[in-house]
Amino acid sequence: MIFGRSERGKPPVEPVTLKILVAGGFGVGKTTLVGAVSEIKPLRTEELLTEAGRPVDDTSGVEGKHTTTVAMDFGRITLREDLVLYLFGTPGQDRFWFLWDELATGALGAVVLADTRRLEDCFAAVDYFERRSIPFVVGVNCFDAAARYPTDDVRQALDLDPGVPVVLCDARDRESVKEVLISVVQHAMAYAADRRETVTT
């Protein structure tokens, strides 16, 4: 950069920054997803699970999990020179849901991460975004031990509107996560365009 201009003589690009939420049930892979794709060291607010929390922390199906997010995960990814996403992973347990409203403020859209072994765990997140008219994509995290189902079967099981995208992903894989995030941005833009058209007609 020379005097605020690039070496090729082009003015520097001021990127558009967008806020994306990553939500879903306890142990579904939200922290993993943010960490897999973030270009900065992700901020994590994880604490060890304790005996005191055993009565309220349902670890069935995720018995190997020893930590939990108590506030949020935060990461950043540059999709293009002019487009940067800020990722906010929400806590998955019921007792931390009071934080969701704060995290959702100003969000363009969301990823609802789902585990087919415990699909019911993402109902609350789906309901949350539907009630607040926040566009979202369901990302089915394909765990190694989980059965694979067609996306239409997942859509039917979650009773999703036809316009809600359902995509298969691996929360550990950067390229897979990037595709999910691109789907969120595209869906949110189409959702906003549809709402504008509805208002003007």
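No experiment lies behind these values; they were computed from the predicted model shown.

Draft legend 1. Geometry of the environment of Val177. Its place among the elements puts Val177 in helix H5 (residues 174–200). As for Val177 and Asn141, which are separated by 36 residues in sequence, their C-alpha atoms are 9.8 Å apart.

Draft legend 2. How the structure looks around the pairing of strand E4 (residues 83–89). Of all the 7 residues making up E4, 6 are buried; the element is thus mostly covered by neighbouring parts of the structure. Alignment of strand E1 (residues 16–24) against E4, held across 7 bridges, turns out to be parallel. The partner of Leu21 across the bridge, within E4, is Phe88.

Draft legend 3. Broad picture of the confidence of the model for the protein. Overall, the predicted model of the protein reaches an average pLDDT of 84, with 78% of residues at or above 70. Contacts of residues 1–6 to residues separated by more than four positions or lying in other chains number 8 contacts, the stretch itself having pLDDT below 50.

Draft legend 4. View of empty space enclosed by the protein. This structure, assessed with the given rule, holds 1 cavity of 30 Å³ or more. The volume enclosed by the largest cavity comes to roughly 40 Å³. Around the largest cavity, the lining residues are Thr116, Val140, Asn141, Cys142, Phe143, Ala146, Ala147, Arg148, Tyr149 and Leu168. Grouping the constituent residues of the lining of the largest cavity by class yields 7 nonpolar, 2 polar and 1 charged.

Draft legend 5. Structural view of helix H3 (residues 123–131). Buried within H3 we find Ala125, Val126, Tyr128 and Phe129. Seen end-on, H3 carries its buried residues on one side only, within an arc spanning 160°. Buried residues along H3 sit in contact with E1, helix H2 (100–104), strand E5 (109–114) and strand E6 (136–141). Positioned one or two residues after H3, Ser133 has a phi angle of 55°, which is positive.

Draft legend 6. Spotlight on the side chain of Ser38. Along the chain, Ser38 falls in the loop between helix H1 (30–37) and strand E2 (43–48). Judged by its relative accessible area of 11%, Ser38 falls in the buried class. A polar side-chain atom of Ser38 sits 2.8 Å from the main-chain carbonyl oxygen of Ile40. From its side chain, Ser38 meets the backbone nitrogen of Arg76 in a polar contact 3.1 Å long. Here Ser38 is in contact with Gly75, Arg76 and Arg174, once residues within four sequence places are set aside.

Cut-off values and rules
- Residues numbered from 1 in each chain as written.
- Predicted model: local features only at pLDDT ≥ 70, side-chain atom pairs only at ≥ 80, totals over all residues.
- Heavy atoms only, no water.
- Helix = DSSP H or I, 4+ residues; strand = E, 2+ residues; numbered from the N terminus.
- Buried < 20%, exposed > 50% of the residue type's maximum accessible area, 1.4 Å probe, protein only.
- Pairing = 2+ DSSP bridges.
- pLDDT = per-residue confidence, 0-100.
- Contact = heavy atoms within 4.5 Å.
- 1 Å grid on protein atoms, 1.4 Å probe; cavity = no way out; pocket = protein on both sides within 12 Å on 5 of 7 lines; lining within 4 Å.
- Points joined across faces, edges and corners; volume = space filled by probe spheres on them.
- Nonpolar A, V, L, I, M, F, W, Y, C, P; charged D, E, K, R; others polar.
- Arc of directions from axis to C-beta.
- Polar contact = N/O pair within 3.5 Å; in protein donor to acceptor, adjacent residues only side chain to side chain.

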